[in-house]
Structure formats: C-alpha cells, structure tokens
Amino acid sequence: MSNPPFTPDHFHRSVPEGDDHERLVCRDCGYVAYENPKIIAGAVVTQGDKIMLCKRSIHPQKGKWTIPAGFLEVGEAPHEGAIREAMEEACATIEIIDLLGVYSVRRISQVHMMYRARLSTPDFKPGYESLEVELFDWQGIPWDELAFPSVHWVLNHFHEVKGRSGFAPFTNPQGWENV
C-alpha cells in the first residue's frame, strides 16, 4: 500500500479511532501520517587523548565546532550513521567502541544516539560539511565556539565516564528539558 500524497488539502489534525493522540489524518481515506522524532547519530571520536571536532561549513551554526553527527538516513542503523557522519564531515574512518548515551531533546523532537569511537587510521581532513577538522586535548576544546548545547553535554558526559567501558547512563544536566 503506497502512502497518499501529503498535501495540506488532504490532511487535517484529529484523533484517529482507537488512538489517544492528535495526528495528521487524510480527509479522503483516513490514512494516518505519523510524525515521529528525528534521530541524530554521531560519535565522540578520539585519537589517543585527543578529541576530533569539525568546524561546520553548513547552517545551522556555520563556522562553529561540533562532533561528527547528523540525521540518521532511512534504512540505516544508528552506529552506521555515526560512521557515515565521520566520513562525510571529516573523511575519517572510525571504529565504534560503544554507545556513550541516548539523549532526548524534546523541544525539537530529536533523539541523539552518541557513540564513543576511535580513528581507525590517522588520516582525516575536512569533508564537504566541514571547514576544518582538528584534534583537541580536553583543555584546548573551544567551548565558546561549540555549535549546539548538545555538543557541550555529550563532551562533558564523555569526560565524566572516561575510563569506564560499556553504556554509560546519562543524567540530564540542568536545563536539558528546556533546550
């Protein structure tokens, strides 16, 4: 069964029969167009004690630093998305170590799945989504030039659980729910 065309003329907001949430429903056939959170996949990539950051060449936050991360593609597993994003943003081949954390950003309906990873080779350079790519020691991270609040939280969580292995549950920082 193919999806009907998604046009404002065909859809309205209502609670479908048997549901308890307002959804986009086709006026003609009753098809429900579910709106779900976007999944972001990325990684804190290290080489030794240094952390890879990429300076964004695209909006939003063009010219600001971030970890390699982005929207998951259809049919892609989260760890595959993190690997792809490292290649797109830093031309870097990475090895996933483990899942660092899963973070919810409710205000913009996103779920971030962030991994710990290491460079598989020492080779990297700016990809088409980056102006620069650098390895920073902890003290050298340009905290005032990071692109998004979530980058601060992921890096701080990474630092907090340094030396531990396996999934590290995350405690939401103050104000997380409001971002």
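In the block above lies the structure referred to throughout.
Residues numbered from 1 in each chain as written. Predicted model: local features only at pLDDT ≥ 70, side-chain atom pairs only at ≥ 80, totals over all residues. Heavy atoms only, no water.

K.L.:
Explanation requested: the sheet that holds strand β2 (residues 23–26) in the structure shown.
P.N.:
Hydrogen bonds between backbone atoms are what pair the strands of a sheet, whose relative direction is either parallel or antiparallel. Here three strands make up an open sheet; going across it, the order is β1-β2-β3 and the pairing antiparallel. Among the strands making up the open sheet, the edge pair consists of β1 (11–14) and β3 (32–33). With four bridges joining them, β1 and β2 adopt antiparallel strand pairing. Note that in β2 the partner of Ser 14 across the bridge is Arg 23. (Pairing = 2+ DSSP bridges. Helix = DSSP H or I, 4+ residues; strand = E, 2+ residues; numbered from the N terminus.)

K.L.:
What am I meant to see in the nonpolar core here?
P.N.:
It is characteristic of soluble globular proteins that their nonpolar side chains tend to be buried jointly. Grouped together as the largest cluster of nonpolar side chains are 19 residues, with contacts concentrated most on Val 44, Leu 53, Ile 67, Ile 141 and Leu 155. Listing elements by their share of this core, those giving two or more residues are β4 (38–47), β5 (50–56), β8 (94–105) and α2 (149–160). Sorting elements by how many residues they give to this core places α2 first, with four residues. Apart from the residues within four sequence positions on either side, Leu 53 is in contact with Trp 65, Thr 66, Ile 67, Glu 132, Val 133, Glu 134, Phe 136, Ile 141, Pro 142, Leu 146 and Leu 155. By size, the runner-up hydrophobic cluster in this structure holds 15 residues, among which are Ala 82, Met 113, Leu 119 and Leu 135. (Core = buried A, V, L, I, M, F, W, Y, C linked by side-chain atoms within 4.5 Å. Buried < 20%, exposed > 50% of the residue type's maximum accessible area, 1.4 Å probe, protein only. Contact = heavy atoms within 4.5 Å.)

K.L.:
Hey, could you run me through the side chain of Glu 76 in this one?
P.N.:
With respect to the helices and strands, Glu 76 occurs in the loop between β7 (69–71) and α1 (78–90). Within the structure, the side chain of Glu 76 is placed 2.9 Å from the backbone nitrogen of Glu 73, a separation counted as a polar contact. When residues no more than four places from it in sequence are discounted, the contact partners of Glu 76 are Gly 81 and Arg 84. (Polar contact = N/O pair within 3.5 Å; in protein donor to acceptor, adjacent residues only side chain to side chain.)

K.L.:
Looking at this model, I keep getting lost on the pattern of salt bridges. Mind explaining?
P.N.:
Pairing between side chains of opposite charge can happen when the charged atoms of each approach one another. According to the stated counting rule, one finds nine salt bridges in the structure shown. The closest approach of N and O atoms between Glu 76 and Arg 84, which form a salt bridge, is 2.7 Å. By the burial criterion, Glu 76 is buried, and Arg 84 matches it. Look at the salt bridges and you will find they share partners, linking Glu 76, Arg 84, Glu 85 and Glu 88 into a network. (Salt bridge = Lys/Arg side-chain N within 4 Å of Asp/Glu carboxyl O.)

K.L.:
Explain the state of the cysteines to me, please; I cannot follow it from the model alone.
P.N.:
Defined simply, a disulfide is a covalent bond joining two cysteines at their sulfur atoms. All told, the structure shown has zero disulfides when counted by the stated rule. There is no disulfide at Cys 26, and the cysteine sulfur nearest it, in Cys 29, is 3.7 Å away. (Disulfide = S-S within 2.5 Å.)

K.L.:
Teacher, can you tell me more about the environment of Gly 166 here?
P.N.:
On the secondary structure map, Gly 166 appears in the segment after α2. Counting along the chain gives 50 residues from Gly 166 to Arg 116, while the straight-line C-alpha distance between them is 9.5 Å. Setting aside its immediate chain neighbours within four residues, Gly 166 contacts Asp 98, Leu 99 and Arg 116.

K.L.:
Hey, could you run me through the packing of aromatic side chains in this one?
P.N.:
Each aromatic ring pair is summarised here by two numbers: the centre-to-centre distance and the angle between the ring planes. All chains considered together, the criterion is met by three aromatic pairs. Judged by centre distance (5.2 Å) and plane angle (85°), the rings of Trp 65 and Phe 136 are edge-to-face. With Trp 65 in strand β6 (residues 65–66) and Phe 136 in strand β10 (residues 130–136), this pair connects stretches of sequence that are 71 residues apart. Classification of Trp 65 as buried rests on a relative accessible area of 3%. With centroids separated by 5.1 Å and ring planes inclined at 70°, the aromatic side chains of Trp 138 and Trp 143 adopt a geometry described as edge-to-face. Trp 143 sits in the partly exposed class, given a relative accessible area of 25%. (Phe/Tyr/Trp six-rings, centres within 6.5 Å; stacked < 30°, edge-to-face > 60°.)

K.L.:
Mind showing me how you'd approach unusual backbone geometry here?
P.N.:
Most peptide bonds take the trans configuration, and most residues that are not glycine carry a negative phi. The linkage connecting His 59 with the following residue, Pro 60, adopts the cis geometry, with an omega of 0°. Its place among the elements puts Pro 60 in the loop between β5 and β6. Positioned with a positive phi, Gln 61 is a non-glycine residue whose angle comes to about 65°. On the secondary structure map, Gln 61 appears in the loop between β5 and β6. Judged by its relative accessible area of 35%, Gln 61 is partly exposed. Not every positive phi belongs to a glycine, and Ser 109 is a case in point at roughly 50°. Relative to the assigned elements, Ser 109 resides in the loop between β8 and β9 (110–119).

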